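Understanding the architecture of this molecule
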Amino acid sequence: MNLKILKLENLLRCHAVFRQLHSLGQRRMLAQWSHVFSSAYPVWTAQPCVWPWQTDLVIGAALSQYRLLVTKKEERSQKPPLSSTKSKKEVEVWIGMTVEELARAMEKDIDCVFEALMNTDIDIDSLEAHSHLDEVWIKEVIKKTRMKLKWSKLKQDKVRENKDAVKRPQADPALLIPRSPVVTIMGHVDHGKTTLLDKLRKTQVAAMEAGGITQHIGAFLVPIVLAINKCDKAEADPEKVKKELLAYDVVCEDYGGDVQAVHISAVTGDNLMALAEATIALAEMLELKADPTGPVEGTVIESFTDKGRGPVTTAIIQRGTLRKGSILVAGKSWAKVRLMFDENGKPIQEAYPSMPVGIVGWRDLPSAGDEILEVESEGRARAVVDWRKYEQEQEKNKEDLKILEEKRKEHQEAHQKAREKYGTLHWKERSFLKYQEKKEQKLLKPKEKEERDSPVLPIIIKGDVDGSVEAIVDIMNTYDASHECELQLVHFGVGDVSENDVNLAETFHGVIYGFNVNAGNVIQKSAAKKGVKIKLHKIIYRLIEDVQEELSFRLPCTVEENPIGEASILATFTVTEGKKKVPVAGCRVQKGQLEKQKKFKLIRNRDVIWKGSLTSLKHHKDDISVIKSGMDCGLSLSEEKIEFKVGDEIICYEEKEVPGKTSWDPGF
């Protein structure tokens, strides 16, 4: 307790004791006097020293209040001093984290991250929940939200072990055995590839294909045998074909090269034996061999979904021997082989190198051209697929970060230029310039709206097999008329048209194109109800033509001018109509006829100097509506300021709206 208070209390106690002693002394004195003057004088009654006790009570109460206040003050002074600011929350972050991950680490909503990045160089409109942030923007968000940054070492240092499957080293040449050649028939659409295959295999594939796609495979190095088809036609010119191929480094034996050229007819079967012999001879010259032992290696030729079997692939075995129960990995899919069948659909137990085989047992549908590798177990197959998916995700993240960094640099440079532009100006001048820029931007908005309102054709492609879809998508990638109508490939996949496809087409106001697939009655009714077009085709170039027609349908109509008559000006003069002088051209109709109600244009030195209508058309002094070839006439224009000259031409024409047509040429 405070020493001053203790001293004050002691003094008051001493003062109280003194008052008590003084009071006792007075009482004794009064008692003696009362005894002496008890009868002669009146008795004095008094209450000696009452007020000192009341004063002591007041002082004591004040003292107790003061003691209480001082005690509280001492207690406050003894407490540890509070921090002037609250302790900042620590947020664990890592490089490359997404907007969603940063918001979750901060225990905030995603909008909090967006708000923190406003008025910065970053493009807010391009950010999404899964967009990746670089180090600069992570620090900016943490700073603006008044939190503490903590870099996560686990996220930076954690490296996953590579679990991918790879090919075996090349086999010992002594272990290799001869294999059959793999022959690929390539050519333009509807040029007889399937018919040729039909003749060679003695099957009826052509009758079922009807201009479709028989097989597809990724490009690789081949030996070439040139088969010049349709040589049974009178206009056939094989030598012209050979010369044109020289531009593509395909040099036939006739021109000193090593490519065999065989003139054939797939329809009549002419010279097909010579083609087969040329193929076999080339295979023998190449001494094709393969290793039939060890884990399987191969290539996916085709993939599709069968209603009864699920995902199915057609593959070529390149190494090893495939058996039932083998565990395979291809792309980001894996399989335990349940069933194998040959090109005729018959079940087989083993598939050797160069042998085409259908494989059933895939968990997902691999893509044409994917490499097939055999692994030891299902667990190993899952690990390989997980690794490949992870690797793909990492590559995508790197690309996203690269794009984000490029945009950040662009905005930073723009911001720096703006600062340099306005930095030396007075605030009034700066405000005026910004106002002018905003005004210009408002004037540009109608143009931007016009660009946004340009026609768009969203499409969804469904095909019977992966190769068919790949071929169609490749053709769509040649589209080069986006300035006329934008072509958006919303979705593509393998299988029949589904309800999801219809819903997607409804959302994007698109069209569904199917190749060699079906759309059930329920799907057709649902599409009709939702106003979605489903167009099914079995010939690939018919499908492309349909897309061209749909693109053309969405283009605005163009206006064409159809000439009706032509006249030449032979003389010029003026006539007075009221107070006005009107220029008049004396003409002779050279071709067709002039009709007053149609449109006219004046041509001088092949340049159009006026377009409009006539105010008068006369033959001699008579007003007429039509004047035919060989006749003379006088005419005046709706615009009086136009001056005629001898030798000018007058064209009478009518305007006609013509449906737009896309300029895209896919090459068919």
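All values reported here derive from a predicted model rather than from experimental measurement. (Residues numbered from 1 in each chain as written. Predicted model: local features only at pLDDT ≥ 70, side-chain atom pairs only at ≥ 80, totals over all residues. Heavy atoms only, no water.)

Turning next to the overall build of the protein. When its secondary structure is counted, the protein shows 16 helices and 27 strands. Burial analysis of the protein (668 residues in total) assigns 32% to the buried set. Within the protein, contacts between residues separated by at least 24 positions form 69% of all contacts whose residues are at least 6 apart in sequence. Put simply, the protein shows about 43,900 Å² of open surface, and 53% of that area lies on carbon and sulfur atoms. (Helix = DSSP H or I, 4+ residues; strand = E, 2+ residues; numbered from the N terminus. Buried < 20%, exposed > 50% of the residue type's maximum accessible area, 1.4 Å probe, protein only. Contact = heavy atoms within 4.5 Å. Areas by Shrake-Rupley, 256 points an atom, 1.4 Å probe, with all protein chains shown as cover.)

Quick look at helix α15 (residues 521-530) now. Buried within α15 are the following residues: I523, S526 and A527. The buried residues of α15 all sit within an arc of 100° when viewed along its axis, so they share a single face. Turned more than 90 degrees off the buried face of α15, the exposed positions are N521, K525, A528 and K529. Tucked inside the fold, the buried residues of α15 contact α14 (499-508) and β18 (533-537). (Arc of directions from axis to C-beta.)

Here the UniProt feature "coiled-coil region" (unreviewed entry) sits at residues 387-421. Across residues 387-421 one finds 100% helix and 0% strand; the C-alpha atoms that close the span lie 51 Å apart. (UniProt positions renumbered as here; feature names shortened; annotations may be inferred.)

Turning our attention to the sheet that holds strand β14 (residues 371-375). With antiparallel pairing, the six strands of this closed barrel are ordered in space as β7-β8-β13-β11-β10-β14. Across the sheet, the mean angle separating the axes of adjacent strands is 50° when strand polarity is ignored. Across four bridges, the pairing between strand β11 (residues 333-341) and strand β13 (residues 356-362) is antiparallel. The partner of M340 across the bridge, within β13, is I359. Strand contacts of helix α11 (residues 378-422): β10 (327-330), β11 and β14, with the helix running at about 5° to β10, the strand carrying the most contacts. (Pairing = 2+ DSSP bridges. Axes fitted to C-alpha atoms, helices over the stretch in contact; angles between N-to-C directions.)

Glancing now at the environment of L594. In this fold, L594 is placed in strand β20 (residues 580-595). Sequence-wise, L594 and C652 are 58 residues apart; in three dimensions their C-alpha atoms are separated by 5.7 Å. Residues within four places of L594 in sequence aside, it is in contact with G565, E566, A567, V589, F600, L617, S625, V626, I627, C633, L635 and C652.

Strand order in the open sheet formed by four strands is β16-β15-β17-β18, with parallel pairing between adjacent strands. The open sheet has two edge strands, β16 (486-494) and β18, and neither has a second partner. The sheet shows a mean angle of 20° between the axes of neighbouring strands, taken without regard to direction. Here strand β15 (residues 456-463) pairs with β16 via eight bridges, running parallel. Of the residues in β16, the one forming a bridge with I461 is F492. Sheet contacts for α14: β15, β16, β17 (511-515) and β18; angle to β15, the most-contacted strand, approximately 170°.

Turning next to the pattern of salt bridges. The final tally for this structure, using the stated rule, is 34 salt bridges. With a closest N to O distance of 3.9 Å, D291 and R168 form a salt bridge. With D291 in the loop between β6 (289-290) and β7 (297-306) and R168 in the loop between α6 (153-157) and β3 (177-178), the pair connects residues that are 123 residues apart, well separated along the chain. Overall, the relative accessible area of 4% leaves D291 in the buried class. Given a relative accessible area of 25%, R168 falls into the partly exposed group. In this structure, K535 engages E550 in a salt bridge whose closest nitrogen and oxygen atoms are separated by 2.9 Å. Residue K535 is found in strand β18, and its partner E550 is found in helix α16 (residues 540-553); the two are separated by 15 residues along the sequence. The burial state of K535 is the same as that of E550; both residues are buried. (Salt bridge = Lys/Arg side-chain N within 4 Å of Asp/Glu carboxyl O.)

Nonpolar side chains in soluble globular proteins tend to end up buried together. Residues L102, M106, V113, L117, L127, L133 and I142 are the most contacted members of the largest nonpolar core, which totals 22 residues. Of all elements in the fold, only β1 (90-93), α3 (99-106), α4 (110-116) and α5 (135-144) reach the threshold of two or more residues within this core. When neighbours within four sequence positions are excluded, I142 is seen to be in contact with V91, V93, L102, M106, M147, K148 and L149. Core analysis: the next-biggest nonpolar cluster, separate from the first, contains 21 residues, I461, Y479, L487 and I544 among them. (Core = buried A, V, L, I, M, F, W, Y, C linked by side-chain atoms within 4.5 Å.)

What follows covers the side chain of R388. By the secondary structure assignment, R388 is in helix α11. Accessibility expressed as a relative area gives 15% for R388, which makes it buried. Polar side-chain contacts of R388 include one of 2.8 Å to the backbone oxygen of G331. Once you skip the residues sitting within four places of it in the chain, R388 turns out to touch D164, A165, V329, A330, G331, K332 and L373. (Polar contact = N/O pair within 3.5 Å; in protein donor to acceptor, adjacent residues only side chain to side chain.)

The next point concerns the environment of L570. Inspection of the secondary structure assignment puts L570 in strand β19 (residues 558-577). Residue classification places L570 among the partly exposed residues on the basis of a relative accessible area of 45%. C-alpha separation for the pair L570 and G586, spaced 16 residues apart in sequence, amounts to 5.7 Å. With residues near it in sequence (within four places) discarded, L570 still touches G586, C587, R588 and V646.

The end-to-end C-alpha distance of helix α10 (residues 272-286), which contains 15 residues, comes to 21 Å, matching closely the 21 Å that a straight helix rising 1.5 Å per residue would cover. Taken as a whole, α10 has its buried residues at L272, L275, A278, T279, L282 and A283. Taken around the axis of α10, the buried residues stretch over an arc of 135°, which confines them to a single face. Of the exposed residues in α10, those oriented more than 90 degrees away from the buried face are M273, E277, I280, E284 and M285. E287 occupies a position one or two residues after α10 and carries a positive phi of about 50°. (Expected span 1.5 Å × (residues − 1).)

Where α14 meets α15, the axes come as close as 10 Å, and the angle between the chain directions of the two elements is 10°. For the element pair α14 / α15, the angle class is roughly parallel. Residues E499, V502, N503 and E506 of α14 lie in contact with α15, whose contacting residues are I523, S526, A527 and K530. Tallied by class, the residues present in the contact of α14 with α15 amount to three nonpolar, two polar and three charged. (Parallel < 35°, antiparallel > 145°, perpendicular 65-115°, else oblique. Nonpolar A, V, L, I, M, F, W, Y, C, P; charged D, E, K, R; others polar.)

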